[in-house]
4 protein chains.
Amino acid sequence: HTETSLSDKMTDSWELDLIKLSQEAMGKAYCPYSKFPVGAALLTTDGKVFTGCNVENACSNLGLCAERVAVNKAVSEGYRNFKAIAVCSEVVDTYITPCGGCRQVLLEFGQTWIVLMSKPDLSYEKRTVVDLIPMPFVLKIRD
Amino acid sequence: HTETSLSDKMTDSWELDLIKLSQEAMGKAYCPYSKFPVGAALLTTDGKVFTGCNVENACSNLGLCAERVAVNKAVSEGYRNFKAIAVCSEVVDTYITPCGGCRQVLLEFGQTWIVLMSKPDLSYEKRTVVDLIPMPFVLKIRD
Amino acid sequence: HTETSLSDKMTDSWELDLIKLSQEAMGKAYCPYSKFPVGAALLTTDGKVFTGCNVENACSNLGLCAERVAVNKAVSEGYRNFKAIAVCSEVVDTYITPCGGCRQVLLEFGQTWIVLMSKPDLSYEKRTVVDLIPMPFVLKIRD
Amino acid sequence: HTETSLSDKMTDSWELDLIKLSQEAMGKAYCPYSKFPVGAALLTTDGKVFTGCNVENACSNLGLCAERVAVNKAVSEGYRNFKAIAVCSEVVDTYITPCGGCRQVLLEFGQTWIVLMSKPDLSYEKRTVVDLIPMPFVLKIRD
Ligand SMILES: [Zn+2]
Ligand SMILES: [Zn+2]
Ligand SMILES: [Zn+2]
Ligand SMILES: [Zn+2]
């Protein structure tokens, strides 16, 4: 199931739990072209988790990042209010950070929620969305 | 929940059922910029359904179509074998067809599965993926 | 210079000339991630040629195909009426065809213009845009 | 012609000249869906300018921003070393900033070059690329 209640799995901290869920999701990555799996786990303000992985395509620009898969999934289930997203990869020497495209998509749903950028050992950096996309591009919605 | 078993809801034909599920999903569309909601419902070969809607962005090219949302969702849950996808919109005078980007993404997971392109009255056109993207662009996966 | 007058270079047939220009453009490809260079050459109705190559990105979905680079380039110079586009790659055993995303972008500027899909030996397949994206997705422009 | 030598047009400052060129380019925008024209002008390290405008599509996610049009154009002509990019729109009350997707594409070609974000009155904000996408996502290129 897509929805998981984070509280059911909580041990020490929700941050670590969310990162672990992103690592599980990474196992579903479809990345035959890059061989570079990425995972994400998105926590809604009411405690639900939606996970994502990268999904690639023969035409590389038609693939999608893990973070955007998670966000689109949540929105398609009616959730638009988010508390945090965890991102993980297999890279051991740097924290994986969202690409600019993903930052813009996170921004669509709020500027001050949390992005957890992790390493495989569960260590992480924590920032808000707008920290990662300062002077954000936003558009007034037409009525 | 994202997963729905189609058989639970089957009445006359699976095609109509799938189109109805796509219409339900359209209700979740996030399309404040275009005001053009689209829905999709993807049926896996083992009978599960994943739904999608369009999810737009202030930067229009970072949004995503309903069909791709549904496919990415299924893949992120471990499903890569599909039987059919239904697509719907509010347009009454023409069957809504997938854009070229979506056709390429459908193609990634097989050439001969079914695309149902519907109108609000549940009438539809039925084609295979490759019917909609002849002379398909495919890439051999590197080992 | 981006603009080249095809007639200056015409030898036997404009199709072969356009394919040769696409092959020259392929030499500019920025594809450090896929190592799969692609070239395109777009002929406007008034005889100008705009060339393109694929331009990749560390985030693969933010790269762009050669065909779309050529089209965007032409549009940004004020050209929107096209006669043909040639596409080439280094693949010897199949004609390179545009991805679905590119077919949709070609379609934006007309259904019946020509797509030349080539091999390195200059042999090619010739189709109209709508041949490659039947039952096209189009949207009425709002006034 | 795509290439313009900035020095030919230099008056008071290169920043204002580049912004003016972006405003000219905005006149070429193809934006029938959003009615939101954007222009860009990209200055290479050897003084050439490539301009861009947004180019939209019936399928909104297959359009492209002005900044990326300019970068792809330059790369397709063999230029990959950039000094600055100017961005403009018709919005009078805020400086137009690049979307996250564009920031990622700018980043592909260096972290410390200049982004000029302008208003119609030629006033502007000046930042480096990495100022706009801190903790950047980069990938080591495989040999
Ligand atoms: Zn991303
Ligand atoms: Zn689509
Ligand atoms: Zn393409
Ligand atoms: Zn942009």
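The structure this text deals with has already been given above.
Everything quoted here is computed from the prediction, not taken from an experiment.

Enquirer: So what exactly am I meant to see when it comes to the overall build of chain A here?
Expert: Of the regular secondary structure elements, chain A holds four helices and six strands. The order of α-helices and β-strands along chain A, N terminus first, is β-α-β-β-α-β-α-β-β-α. A compact globule built from 143 residues should have a C-alpha radius of gyration of about 15 Å, and chain A, at 14 Å, falls within 12% of that. Counting all 143 residues of chain A, 61% fall into the buried class. Within chain A, counting contacts between residues at least 6 apart in sequence, those at least 24 apart form 59% of the total.

Enquirer: How do you make sense of the relation of the copies chain B and chain D when you look at a structure like this?
Expert: Under the fitted operation, chain B is carried onto chain D by 0.0 Å of movement along the axis and a turn of 180°, and the coordinates agree to an RMSD of 0.0 Å. Accordingly, the operation relating the two chain copies is best matched by a two-fold axis. Looking at the rotation axis and the C-alpha trace of chain B, the residue lying nearest is Asn-61 of chain B, at 1.7 Å. The residues that chain B uses at the interface reappear at the interface of chain D in 100% of cases, marking a shared surface.

Enquirer: What exactly am I supposed to notice about the coordination of the zinc ion (ligand 3) here?
Expert: Perfect tetrahedral coordination of a metal by four donors corresponds to 109.5 degrees between them, and perfect octahedral coordination by six donors corresponds to 90 or 180 degrees. Residues and elements named next belong to chain C. Bound to the zinc ion (ligand 3) on the protein side are Cys-65 (SG), Cys-99 (SG) and Cys-102 (SG), at distances that span 2.3 Å. Of note, the zinc ion (ligand 3) draws all its donor residues from one chain, in the sequence arrangement C-x33-C-x2-C. With Cys-65 in the loop between β3 (48-53) and α2 (66-76) and Cys-99 in the loop between β4 (82-89) and α3 (100-107), this pair connects stretches of sequence that are 34 residues apart. Given the relative accessible area of 12%, Cys-65 is considered buried.

Enquirer: Sorry, what's going on with the packing of aromatic side chains here?
Expert: For any pair of aromatic rings, the description rests on two quantities: the centre-to-centre distance and the angle between the ring planes. Under the definition given, this model contains 16 aromatic pairs over all chains. Seen from their ring centres, Tyr-30 of chain A and Phe-109 of chain B are 5.0 Å apart, and the 50° between their planes marks the pair as tilted. Of the two residues, Tyr-30 of chain A is situated in the loop between α1 (14-26) and β2 (38-44) and Phe-109 of chain B in the loop between α3 (100-107) and β5 (114-118); the pairing between them involves two chains. Aromatic ring contacts, followed pair by pair, group Tyr-30 of chain A together with Phe-82, Phe-109 and Trp-113 of chain B into a single cluster.

Enquirer: Would you take a moment to explain the relation of the copies chain B and chain A for this structure?
Expert: With an RMSD of 0.0 Å, the operation that places chain B on chain A is a rotation of 180° combined with a shift of 0.0 Å along the axis. Interface residue correspondence from chain B to chain A reaches 100%, placing this contact among same-surface, isologous pairings.

Enquirer: Just checking my understanding: could you explain the coordination of the zinc ion (ligand 4) for this structure?
Expert: All names here are of chain D. For the zinc ion (ligand 4), the full set of protein donor atoms is Cys-65 (SG), Cys-99 (SG) and Cys-102 (SG), and the range of their distances to it is 2.3 Å. Donor residues for the zinc ion (ligand 4) sit on one chain with the sequence pattern C-x33-C-x2-C. Placement of Cys-65 in the loop between β3 (48-53) and α2 (66-76) and of Cys-102 in helix α3 (residues 100-107) is noted, with a sequence separation of 37 residues between them. One exposure class covers both Cys-65 and Cys-102, and it is buried.

Enquirer: Is there a simple way to think about the packing of α3 of chain B against α3 of chain C in this case?
Expert: Axis angle and axis distance: for two packed helices, these are the angle between their axes and the distance between the axes, and together they describe the pair. Packing of α3 of chain B against α3 of chain C brings their axes to within 6 Å, and their N-to-C directions diverge by 160°. Viewed along their axes, α3 of chain B and α3 of chain C adopt a mutual orientation that is roughly antiparallel. The hand of the α3 of chain B/α3 of chain C crossing is right-handed. Judged by residue contacts, Gly-100, Gly-101 and Gln-104 of chain B of α3 of chain B engage Gly-100, Gly-101 and Gln-104 of chain C from α3 of chain C. Along the lines of polarity and charge, the residues of the contact of α3 of chain B with α3 of chain C split into no nonpolar, six polar and no charged.

Enquirer: I would appreciate a short explanation of the interface of chain B and chain A in the present structure.
Expert: Interface size is often expressed as the accessible area that is lost when the parts come together. In this complex, chain B contributes 39 residues to the contact, which on the side of chain A involves 39 residues. The junction of chain B with chain A conceals about 3,500 Å² of combined surface from both sides, 55% of it contributed by carbon and sulfur atoms. At the surface where chain B touches chain A, the tally comes to two salt bridges. Its salt-bridge partner being Glu-77 of chain A, residue Lys-73 of chain B comes within 2.6 Å of it at the nearest N-O pair. Our enumeration of links across chain B and chain A arrives at 14 residue pairs in polar contact (both at pLDDT 80 or more). Contributions of two or more residues to the side of chain B that touches chain A are made by β3 (48-53), α2 (66-76) and α3 of chain B. Of all the elements, α2 of chain B adds the most residues to the side of chain B that touches chain A, at six residues. Of the residues in the side of chain B that touches chain A, the class split is 18 nonpolar, 10 polar and 11 charged.

Enquirer: Even after reading the chapter, I still don't get the side chain of Arg-103 of chain B, so can you show me in this structure?
Expert: Within the secondary structure, Arg-103 of chain B sits in helix α3. Buried Arg-103 of chain B, no salt bridge; nearest opposite-charge side chain is Glu-67 of chain B, N-O distance 7.5 Å. Apart from residues lying up to four places away in sequence, Arg-103 of chain B is in contact with Thr-97, Pro-98, Val-129, Leu-132 and Ile-133 of chain B together with Ile-133, Pro-134, Met-135, Pro-136 and Phe-137 of chain C.

Enquirer: Can you walk me through the pairing of strand β6 (residues 124-128) of chain A in this structure?
Expert: If a strand is regular, its side chains alternate between the two faces of the sheet. All names here are of chain A. In the sheet, strand β5 (residues 114-118) pairs with β6 via five bridges, with the strands oriented antiparallel. If you follow Val-115 over to β6, its bridge partner there is Arg-127. Linking β5 back to β6 in an antiparallel pair, the connection comprises five residues, with Leu-122 at a positive phi of about 75°.

Enquirer: For this particular structure, what's the right way to read unusual backbone geometry?
Expert: Generally, phi is negative for residues other than glycine and the peptide bonds are trans, each holding for most cases. Positive phi outside glycine occurs at Leu-122 of chain B, with the angle close to 75°. By secondary structure assignment, the location of Leu-122 of chain B is in the loop between β5 and β6 (124-128). A positive phi angle, close to 50°, is found at Met-135 of chain C, a residue other than glycine. Among the structural elements, Met-135 of chain C can be located in the segment after α4 (129-132).

What counts as what
Residues numbered from 1 in each chain as written. Chains lettered and ligands numbered in written order. Predicted model: local features only at pLDDT ≥ 70, side-chain atom pairs only at ≥ 80, totals over all residues. Heavy atoms only, no water. Helix = DSSP H or I, 4+ residues; strand = E, 2+ residues; numbered from the N terminus. Rg over C-alpha atoms; globule rule 2.2 N^0.38 Å. Buried < 20%, exposed > 50% of the residue type's maximum accessible area, 1.4 Å probe, protein only. Contact = heavy atoms within 4.5 Å. Least-squares fit on C-alpha atoms with pLDDT ≥ 70 in both. Donors = N, O, S within 2.8 Å, 3.2 Å for Na, K, Ca; no water. Phe/Tyr/Trp six-rings, centres within 6.5 Å; stacked < 30°, edge-to-face > 60°. Axes fitted to C-alpha atoms, helices over the stretch in contact; angles between N-to-C directions. Parallel < 35°, antiparallel > 145°, perpendicular 65-115°, else oblique. Left-handed = near helix turned anticlockwise from the far one by under 90°. Nonpolar A, V, L, I, M, F, W, Y, C, P; charged D, E, K, R; others polar. Buried area = accessible area lost by both parts, 1.4 Å probe. Salt bridge = Lys/Arg side-chain N within 4 Å of Asp/Glu carboxyl O. Polar contact = N/O pair within 3.5 Å; in protein donor to acceptor, adjacent residues only side chain to side chain. Lys, Arg positive; Asp, Glu negative; His and termini not counted. Pairing = 2+ DSSP bridges.

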